[in-house]
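# Per-entry structural report
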Amino acid sequence: MPREPQKLRSQLLTWLFIPLLLLLIIDTFVSYWVAVEFSRRAYDRSLAEIAREISLHLKESAGGVALDLPPDSRQILLTDPEDRIHFEVSGPDGRFAEGEPLPHAEEPAGVARGEERYFEAVVRGASVRVVELRVEADSVTARPAAIVRVAETQLKRRALAREILLSVVIPQALIILVAGIVVWIGVMQGLSPLERLRLAVAARSHRDWSPIVADDVPAEVRPLLDSINDLVGRLDRALTLQNRFISDAAHQLKTPVTVLKAQLEVALREDDPERLRLALVTAQTGLERLSRVVSQLLSLARNEPEAAREVALAPVDLNALALDVSQGWVPEALRKRIDMGFEGSDRPVMIRGEDSRLRVMLDNLVDNAVRYTPDGGHVTVRVSAGLDTVLEVSDDGPRIPSEERQRVFERFHRLLGNTQAGSGLGLSIAREIARVHGATIELREDADGVGNAFRVTFPQPAPD
């Protein structure tokens, strides 16, 4: 089962809150370490003061060391309301003299007399902090050389570390909490335009393909919205083409299909072989017309501007192409006793185009000319290259009035009184193919004053 995608709001809050929580955790550890070090240094100085005070009351006794400190002073010095304090005085050789035996630290190299050393130990099952002070002999005060160790349990140190930690972490936690609330509100406000955009899209009708307008979307979302609008526009054009094709197909196929169906029904009822054959011939004629209409509709759909947007144009010799297409129409022209002519250039005429589409365009122009030129008339295909590259098809058919010369390129447009069979799509296809190639097509009166001339003007010729 596919996992439900995580919402952008959740992703943003996750990526914002997790670093804040990690920062709080790291800061808590750092603050704890700082608090422990601070409390250790503070109470280490107090512990060293006790050791120095004891060292001031040392004296020689029977070749050893003794502590000359009255009981009341000793009680005041070595009593603490929270921690227990232990001490030991020993000779320079380490022989015990006063107090109680305490753990010894390993003798480090390079430790001079008069320096304090601190270390952790355990006394009577409790963790203690020990300071060790090496005292030098002083002849003026008659103080002998000795080693003084003072140990203290760590209750005050831990309590002070906790107080420092709480005094630092609690305000920081409150600040992060406030920052989290502000971030949450900011994310909600920042994403509100996207929510409004979602509601606007959800409320649209499936028939509404207009661009989505949202002025308050963030700048980072604007390219996405523009891409969506571009996609919507392309879908609108594609669906428009599809609907137009369906409409055109329904318009053009209805009559031939109806006629074909009627002829087949007549054929099924006929017993006379001659009448049956006549009905089948008529049905075949209708079928051929239907096939031509279908072919024309498909060609028109293929050459719509949107459908042909990605056509790859390549150098094409228009002179050779027009000659080849003209030769293909010679048999049909001979059948109607039409003089089929070609006037080309004495060198290749190169344009950028697609060979197959150009052939379809010229086929439709020549077909239109042959179809409407009376028997014994002339049809001429011309190719010329000068300032412009021109393809022209002239005929001797009925002259088209000037007010109708633009409308003949419309779909299904047929002149009044026209009795020739046709779909009314050939010239529309020719116009669309010309547009694909960046060319213009126009209808003019033939130079000899008889008939019409369809002129296609292409952009500047490509280099040979």
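One can find the structure itself at the top, above this paragraph.
In this report, the structure presented in the accompanying data block is examined. None of these values were measured; they are calculated from a predicted model.

## A look at helix H3 (residues 155-202)
Between its first and last C-alpha, H3 extends 66 Å over 48 residues, near the 70 Å set by a 1.5 Å rise per residue. In H3, a bend of some 40° at Ser192 exceeds every other bend along the element, and Pro193, a proline, comes one to four places later.

## Re the nonpolar core
Core analysis: the biggest nonpolar cluster contains 38 residues, and Met361, Leu362, Leu365, Leu391, Val456 and Phe458 have the highest contact counts within it. Listed by contribution, the elements that provide at least two residues to this core are helix H6 (318-328), helix H8 (355-372), strand E11 (378-385), strand E12 (389-394), helix H9 (426-436), strand E13 (440-445) and strand E14 (452-458). The biggest single contributor to this core is H8, with 7 residues. Not counting residues up to four positions away in its chain, the partners in contact with Leu391 are Leu318, Ala322, Met361, Leu362, Val381, Arg382, Val383, Phe454, Arg455, Val456 and Phe458. Judged by nonpolar contacts, the second largest core, of 19 residues, contains Leu78, Leu133, Val135 and Val148.

## Things to note about the environment of Ile212
Inspection of the secondary structure assignment puts Ile212 in the loop between H3 and helix H4 (222-269). Judged by its relative accessible area of 11%, Ile212 falls in the buried class. In the structure, Ile212 is positioned 15 residues away from Leu197 in sequence and 8.6 Å away in space, judged by C-alpha atoms. In contact with Ile212, not counting residues within four places along its chain, are Leu197, Val201, Arg204, Leu225, Ile228 and Asn229.

Rules used in this analysis
- Residues numbered from 1 in each chain as written.
- Predicted model: local features only at pLDDT ≥ 70, side-chain atom pairs only at ≥ 80, totals over all residues.
- Heavy atoms only, no water.
- Helix = DSSP H or I, 4+ residues; strand = E, 2+ residues; numbered from the N terminus.
- Expected span 1.5 Å × (residues − 1).
- Bend = angle between axes of the 7 residues up to and from the residue.
- Core = buried A, V, L, I, M, F, W, Y, C linked by side-chain atoms within 4.5 Å.
- Buried < 20%, exposed > 50% of the residue type's maximum accessible area, 1.4 Å probe, protein only.
- Contact = heavy atoms within 4.5 Å.

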